[in-house]
Amino acid sequence: NWIPEAIIGQDWKPNCPNCGGKLAKNGNGCIPRLVFDQFENYWLNSPHKYICKSCEDFLKGCENENDKKQFNFTALSQEILDQIGTEYPEVLEVLPCTLSKRNAIDKKLMSIITHCAVKGIGPSAMAESIASWHELEWQKKENLWASYILKKLNQPTIFQNKIDRDQIQKCPDYFSKEMGGCISHRSWLVKMFYNSNKKVRHYYNS
């Protein structure tokens, strides 16, 4: 969950990047983002929306397209993240991933990809390793589930509901449609590698 108010304080509200005024809360309807990680993916839930009432009122009477600016923002808008990074850099460190336009990649995974790139294994080649790690993690869970089913079959008196052997089906493969497992595309990994390291180039140069 990425809810800045929960960390900074409930009274905190970001400033409008256009006019500098305080943004108002505008609902909790943001769809979670898929975050690609090393062993399994996860969802980043950041529901808060913000609005600048002053800019909204100004734009209603604005006829010049060049003067129109954004007045709706989310807690993951780059302008809001930049503010948090300037005022509360320790809070921004809590955000576990690097964002793209639609998805994100976990910071720890990106760190691994960066260190591997130094050793000659590029981000495109890392895609195969990530696929193997994801499948291995799914197989561990599949084995745990199989162990639970066997226990129910061998000790039916312990469990309230008996299980029918004929109803037992094999777990679907990780990358099947039934399971919906996925990893990031090679070209997307390369793009995220470039963008994330571009932001910290001064650190690597030093």
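Here goes a summary of the coordinates provided. It should be emphasised that the depicted structure is a prediction, and the values quoted were computed from it without experimental measurement.

## Some words on the environment of threonine 114
Its location among the elements puts threonine 114 in helix α5 (residues 107–118). Since its relative accessible area comes to 10%, threonine 114 is described here as buried. Separated by eleven residues in the primary sequence, threonine 114 and alanine 125 have C-alpha atoms spaced 12 Å apart. Leaving out residues up to four positions away in the same chain, threonine 114 has contacts with Phe193, Asn197 and Tyr204. Looking at threonine 114, its side chain comes within polar contact range of the main-chain oxygen of methionine 110, at 2.8 Å.

## Observations concerning helix α3 (residues 78–87)
Within the span of α3, buried status applies to Ile80, Leu81, Gln83 and Ile84. Each buried residue of α3 lies within a common arc of 155° when the element is viewed along its axis, so the set occupies one face. Buried residues in α3 make contact with α1 (4–8), β5 (72–74), α4 (89–92) and β6 (97–99).

Conventions adopted
Residues numbered from 1 in each chain as written. Predicted model: local features only at pLDDT ≥ 70, side-chain atom pairs only at ≥ 80, totals over all residues. Heavy atoms only, no water. Helix = DSSP H or I, 4+ residues; strand = E, 2+ residues; numbered from the N terminus. Buried < 20%, exposed > 50% of the residue type's maximum accessible area, 1.4 Å probe, protein only. Contact = heavy atoms within 4.5 Å. Polar contact = N/O pair within 3.5 Å; in protein donor to acceptor, adjacent residues only side chain to side chain. Arc of directions from axis to C-beta.

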